[in-house]
Amino acid sequence: GDSVTQTEGLVTLTEGLPVMLNCTYQSTYSPFLFWYVQHLNEAPKLLLKSFTDNKRPEHQGFHATLHKSSSSFHLQKSSAQLSDSALYYCALRNNNAGAKLTFGGGTRLTVRP
Amino acid sequence: NSKVIQTPRYLVKGQGQKAKMRCIPEKGHPVVFWYQQNKNNEFKFLINFQNQEVLQQIDMTEKRFSAECPSNSPCSLEIQSSEAGDSALYLCASSIQGASAETLYFGSGTRLTVL
């Protein structure tokens, strides 16, 4: 079956430093990959998702590159902001009709001044 | 703000009681999902629908959980006999279609506490 692994459960950074959150996956098919962000007491929201044509998705300064050879979709940002503190989830959705989103365990990012 | 509406925001039940929560998907979204987010913030898929038909569901959903998405009414998830381990945030999501590229849009959830 499908699975997503996020190796860091907790990441703490100082404002202004680069962010990298790891995500690797296993899937029988060629899935689409997503990053969702969940702030405290809010709904999870889409941050970005993979493209089919190898373009690099970007949003709010975050970007991620899908590497099929290594089954990875790491999330990066050049300079962390205090407002980036949140839970980040990597997820995949495969080609089955109505397919569910399979989530990783999440990474809690804390950015301190 | 999320266009997926979930009610109630908080639900408190005793063990053995029924717990029912509702979800209005985003307009024009025929595919609806229910997830459970536990105290460790892990997501567990429960069930999904396309229009009124169940697409997939896990075993626990089949035994104590019931869900439906009737036409022209909110979708619902009901736990027939609540257990302490059911305490969690229940998230509803919808998408425009079932294709793998489509985004799921989440509601803010119903936080269930089973005493």
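The structure contained in this document is the topic of the report that follows. (Residues numbered from 1 in each chain as written. Chains lettered and ligands numbered in written order. Predicted model: local features only at pLDDT ≥ 70, side-chain atom pairs only at ≥ 80, totals over all residues. Heavy atoms only, no water.)

Quick look at the nonpolar core now. Grouped together as the largest cluster of nonpolar side chains are 24 residues, with contacts concentrated most on A:Leu33, A:Trp35, A:Leu47, A:Leu48, A:Phe73, A:Leu75 and A:Tyr88. Of all the elements in the fold, those that place two or more residues in this core are β2 (10-14), β3 (19-21), β5 (32-38), β6 (45-49), β8 (62-64), β10 (86-93) and β12 (107-112) of chain A. The element contributing the most residues to this core is β10(A), with four residues. With near-sequence residues (within four places) excluded, A:Leu47 lies in contact with A:Trp35, A:Tyr36, A:Val37, A:His59, A:Gln60, A:Phe62, A:Leu75 and A:Tyr88. In terms of nonpolar packing, the next biggest core, distinct from the first, is built from 21 residues, B:Cys69, B:Cys75, B:Ala88 and B:Val114 among them. (Core = buried A, V, L, I, M, F, W, Y, C linked by side-chain atoms within 4.5 Å. Buried < 20%, exposed > 50% of the residue type's maximum accessible area, 1.4 Å probe, protein only. Helix = DSSP H or I, 4+ residues; strand = E, 2+ residues; numbered from the N terminus. Contact = heavy atoms within 4.5 Å.)

For the rest of this paragraph, the subject is the interface of chain B and chain A. Tallying the contact residues gives 24 residues for chain B and 23 residues for chain A. Both sides together, the interface formed by chain B and chain A hides about 1900 Å², and carbon and sulfur atoms give 52% of it. Between the two partners, chain B and chain A, sit zero salt bridges. Our count for the chain B to chain A interface comes out at nine residue pairs in polar contact (both at pLDDT 80 or more). (Buried area = accessible area lost by both parts, 1.4 Å probe. Salt bridge = Lys/Arg side-chain N within 4 Å of Asp/Glu carboxyl O. Polar contact = N/O pair within 3.5 Å; in protein donor to acceptor, adjacent residues only side chain to side chain.)

Moving on to the sheet that holds strand β3 (residues 19-24) of chain B. All names here are of chain B. Spatially, β1-β3-β8-β7 is the arrangement adopted by the four strands of the open sheet, whose pairing is antiparallel. Looking at which strands have only one partner, the edges of the open sheet turn out to be β1 (5-7) and β7 (65-68). Taking the axes of each pair of neighbouring strands and ignoring which way they run, one obtains an average angle of 15° across the sheet. Two elements, β1 and β3, share three bridges in a ladder whose sense is antiparallel. Counted as the bridge partner of Thr 7 is Arg 22 from β3. (Pairing = 2+ DSSP bridges. Axes fitted to C-alpha atoms, helices over the stretch in contact; angles between N-to-C directions.)

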